[in-house]
Amino acid sequence: MFTGFSDATADMFWDIRFNNDRAWFHTQKARFDQTVMQPVKALSGDLFDWFSTQYSQLHLNLHISRIYRDARRLFGRGPLKDHIWFSFQNQVEGYAEAPCFWFEVGCEGYSYGLGYWMIPADAAGYRREIDRDPQAMQKRIRRFDAQQTFHLEGDSYVRAKGHADDALGAWYNKRWLGLTCRRAYDPLCTTPELFPLVRDGFEFLMPYYQFADHIYRSAD
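Note that the coordinates shown come from a computational prediction; the quantities given were computed from them, not determined experimentally.

**What about the overall build of the chain?**
- Scanning the chain from N- to C-terminus turns up seven helices and six strands.
- Counting helices and strands in the order they occur from the N terminus, the chain gives α-α-α-β-β-β-β-α-α-β-α-β-α.
- For 220 residues, the compact-globule estimate of 2.2 N^0.38 gives 17 Å, and the chain sits close to it at 19 Å.
- For the chain, the spread of C-alpha atoms along the principal axes amounts to about 55 × 40 × 30 Å.

**Side note on the packing of aromatic side chains**
- Summed over all chains, the structure comprises 26 aromatic pairs.
- Ring centres 6.1 Å apart and planes at 25 degrees place the aromatic pair Phe 103 and Tyr 110 in the stacked group.
- You can call Phe 103 buried: its relative accessible area is 0%.
- Looking at Arg 140, its charged tip hangs above the ring of Phe 211, at a distance of 3.9 Å from the centre.
- The ring of Tyr 157 has Lys 161 lying over it, and the distance from NZ or CZ to the ring centre is 4.7 Å.

**Quick word on the side chain of Gln 28**
- Of note, Gln 28 is situated in the loop between α2 (22–26) and α3 (29–54).
- Side-chain polar atoms of Gln 28 contact the side chain of Thr 27, separated by 3.3 Å.

Each value, and the rule that gives it
- Residues numbered from 1 in each chain as written.
- Predicted model: local features only at pLDDT ≥ 70, side-chain atom pairs only at ≥ 80, totals over all residues.
- Heavy atoms only, no water.
- Helix = DSSP H or I, 4+ residues; strand = E, 2+ residues; numbered from the N terminus.
- Rg over C-alpha atoms; globule rule 2.2 N^0.38 Å.
- Phe/Tyr/Trp six-rings, centres within 6.5 Å; stacked < 30°, edge-to-face > 60°.
- Buried < 20%, exposed > 50% of the residue type's maximum accessible area, 1.4 Å probe, protein only.
- Lys NZ or Arg CZ within 6 Å of the ring centre and 35° of its normal.
- Polar contact = N/O pair within 3.5 Å; in protein donor to acceptor, adjacent residues only side chain to side chain.

Listed below in structure tokens is the structure:
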């Protein structure tokens, strides 16, 4: 059961950022496990149990990232990440491009939300679905705009694909879709109350996940 992160969690990530070395990290593994991985596994486990109970039909699987970067993609950086994330994604249908719920904790704080990293065919299907029922999309947008927890993110096409001058434009022209909450470390994240905060956020995002999942499956 998740009981909260601590000041030691942030300290661990800052130490990783400024001591980004495998040999150094080898001496810190027990500390890393206690201050980072134990609360990450507890929070992700509680959320997985909730998804499995409330939304078993989605067949969401839990994936927790590794602290080590892909050696093929260091690009001059150290071998260690200064953050850890986990995601819930339907890996029966696919993996990399399927929409997912995610949570991340790192040096500056924590974040969570919904991501859909669309390949071009999915992005085209996304736009077709909006064109098929623009009023339904407008309703989704109004619901999203009425809250202040999550913010729309994602790269947009340089040249708009359509709806450049209306309320649909900001959503319609996304190359990938992110609905994200970013928070600095706060007293709440050191308590068990972070779990219901993230759970309720994922509950709010569920209609957007189902919309993205429908597009993803339709593109198969």
